[in-house]
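What follows is each chain in one-letter form.
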Amino acid sequence: MLSVLSVAIGRRELIWTGIAAAAAAILAPRSARAAASRIDVLLDEPIGPVTADFYGHFVEHLGGVVYDGIWVGEGSKIPNERGIRRALVEHMRRLPRGAIRWPGGCFADSYDWRDGVGPAKSRPTRSNFWIDERTMPKRPDGPAKHEPNWFGTNEFIRFCRQVGAPPYLAANLRSLPPRDFYQWVEYCNAPAGRSTLADQRAAAGDREPFGVRFWGVGNESWGCGGEFTAEEYATEYRRFTAWVPLYGLELALIGSGPNGGDLAWTRRFFTRLLEKGEGQLRRLWGWALHHYSWNVSRGRTTDWYEGKGDAVSFTADEWYELLNEADKMDGLIAGHWNVMGEYDRRHRVKLVVDEWGAWHREGTEVAPHHLFGQQSTLRDALLAALTLDTFHRHADKVAMANVAQLINCLHSLFLAHEDRFVATPTFHVFEMYGAHAGGRAVRTLFSAPRISYARENGPATIWGLGGSATLKERTLTLTVVNPHIAEPSTAEIALHGGKVKAVRATAIAASDIHAHNTFDRPDTVRPREVAAESVPGTVITHTFPPASVTRLSVDLG
């Protein structure tokens, strides 16, 4: 059975097999008509710009993300730049400069930003939001349980500047009043010497304003961020965002959006928000969307914590099922976008997917205090790639995305403990996909045999090839995921609206689908250059290895 992945206005559409086959036969050159897979790149059908912010990150004071991950301290023997782990900084500089979200997550709505400014020795120690997480009693004491506030606003901004990324601050809406929000904006952005808070910033070593543009107004306000109803949150959002000082910036304020597919949360929020008129949309730049993917572990409890699958030990069916769970992102974006359009017909407000990634059960973390820490395998690399491809295909709808989380937690790009550091397969996907940043997504059609596998509740299938394409001047970047664990897929790639001059190919693959990088074996999964075939004109032939992520860089004549 063939499936066609249609990337037109950013929404995956399943097109009738007969129509797809007929279209492929018409478009294909004579030599290509027997190919099982086909990719058509429509260069003259743009979708939208792909910015570096599609490759953003998420940093929360959770487990080993900040302490032992980012922050090692200025007096540490671990190589650092003003307390920031140097190996992390050096690797981050190799990536697109996407916005970094901080300090949470659920931690954000328990955080008083004043605790993290001023002389470090006078900053208070507070119980971390996550102190009552059920596994905490067996974990060692330290910053994961009791927040020392060594890493605060100034340190975070310095980290962002070291790696060249814009900061994205998440404000506390659950337990602080609006005044604390706009005064945090003042601390960050007020001109030097113009206010007491600006002087306080200068006393900490940063005289010039930080120029923070991205501000999240609460986090998961339907849950850990306050257990609000959508109507209650909309009222709070209006209060928090009324008359926030701009200091010459066009602030990008981001609302706390739905839990996955909760379309009602989006609809009810916009209904209540606009009771004060459409002018309220001017104070809503982005609408946050969160989606995590996990396996329901077979033969185990259905408990939310214990019922997730293992990060490293999984079956072929669990491989496919996790990728299918990630693929739900496509429908979530389309669904919420349509609801938002009922209230914002010009679509001034964009989606911000500021938490996404794989979530596995505990047991593979590299240190005992790394709450929600997990190993990252080849499967996580494919999940990251197909999700980034989804964002590209929805470049007209998505303005920013932030993978959860940067280091030592969930779908991390890096793992670190004390003086040891390693980049995960997901880092290599981000680096390889960085060629898309600054380009414009174009419509791309994928046609390939679907892959069958077994779910607990019956048979299932997943698409055979997926991906995205962007055009930057005369260079086309095409990224393709082949999820089949055993079979390569040879595809004819037809360019419509341009001709092939030269092709270069890079792929991430491994002989074992469970392959991952460790401190002792850091290069088990990494990109490698591979051969690509092209014929003069408009067609490329390429064989995509099993369980792989591939980038084709095409110079157009």
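Summarised in this report is the structure supplied together with it. This structure is a prediction, so every number in the text was calculated from the model and none was measured.

### Focus: the pattern of salt bridges
Item 1. One pass over the structure, following the stated rule, counts 30 salt bridges.
Item 2. Here Arg114 makes a salt bridge to Asp180, at a shortest N to O gap of 2.6 Å. One end of the pair, Arg114, is in the loop between β7 (100–102) and β8 (126–127); the other, Asp180, is in helix α4 (residues 178–189), with 66 residues separating them in the sequence.
Item 3. Classification of Arg114 by relative accessible area gives partly exposed; the value is 31%.
Item 4. Residue Lys138 pairs with Glu362 through a salt bridge whose shortest N-O separation is 3.2 Å.

### A closer look at the environment of Ser110
Item 1. If you trace the backbone, Ser110 turns up in the loop between β7 and β8.
Item 2. Separated by 83 residues in sequence, Ser110 and Gly193 have C-alpha atoms that sit 30 Å apart.
Item 3. In this structure, Ser110 is in contact with Phe129, Asn172, Arg174 and Ser175, ignoring residues within four places of it in sequence.
Item 4. Of the polar contacts made by the side chain of Ser110, one reaches the backbone oxygen of Phe107; its length is 2.9 Å.

### Re the sheet that holds strand β12 (residues 252–255)
Item 1. A barrel is described by the order of its strands in space; here 8 strands give the closed sequence β4-β7-β10-β11-β12-β13-β14-β15, paired in parallel fashion. For this sheet, the mean inter-axis angle between neighbouring strands, taken without regard to orientation, is 30°.
Item 2. Across the sheet, helix α10 (residues 378–393) is in contact with β13 (286–293), β14 (350–358) and β15 (398–404); its angle to β14 comes to roughly 170°.

### What to know about helix α9 (residues 329–343)
Item 1. An ideal rise of 1.5 Å per residue puts 21 Å on 15 residues; α9 measures up with 22 Å between its terminal C-alpha atoms.
Item 2. Most of α9 is tucked away: 12 of the 15 residues are buried.
Item 3. Along α9, the residues classified as buried are Met329, Asp330, Leu332, Ile333, Ala334, Gly335, His336, Trp337, Val339, Met340, Gly341 and Tyr343.

### Quick notes on unusual backbone geometry
Item 1. Note that the residue after Gly104, namely Gly105, is joined by a cis bond; omega there is 15°.
Item 2. With respect to the element layout, Gly105 can be found in the loop between β7 and β8.
Item 3. Cis rather than trans, the peptide bond between Ala404 and Gln405 has omega equal to -10°.
Item 4. Locating Gln405 in the fold gives a position in the loop between β15 and β16 (414–417).
Item 5. Although it is not a glycine, Arg82 adopts a positive phi angle of roughly 55°.

Criteria and thresholds
- Residues numbered from 1 in each chain as written.
- Predicted model: local features only at pLDDT ≥ 70, side-chain atom pairs only at ≥ 80, totals over all residues.
- Heavy atoms only, no water.
- Salt bridge = Lys/Arg side-chain N within 4 Å of Asp/Glu carboxyl O.
- Helix = DSSP H or I, 4+ residues; strand = E, 2+ residues; numbered from the N terminus.
- Buried < 20%, exposed > 50% of the residue type's maximum accessible area, 1.4 Å probe, protein only.
- Contact = heavy atoms within 4.5 Å.
- Polar contact = N/O pair within 3.5 Å; in protein donor to acceptor, adjacent residues only side chain to side chain.
- Pairing = 2+ DSSP bridges.
- Axes fitted to C-alpha atoms, helices over the stretch in contact; angles between N-to-C directions.
- Expected span 1.5 Å × (residues − 1).

All we've got here are geometric facts, nothing functional implied.
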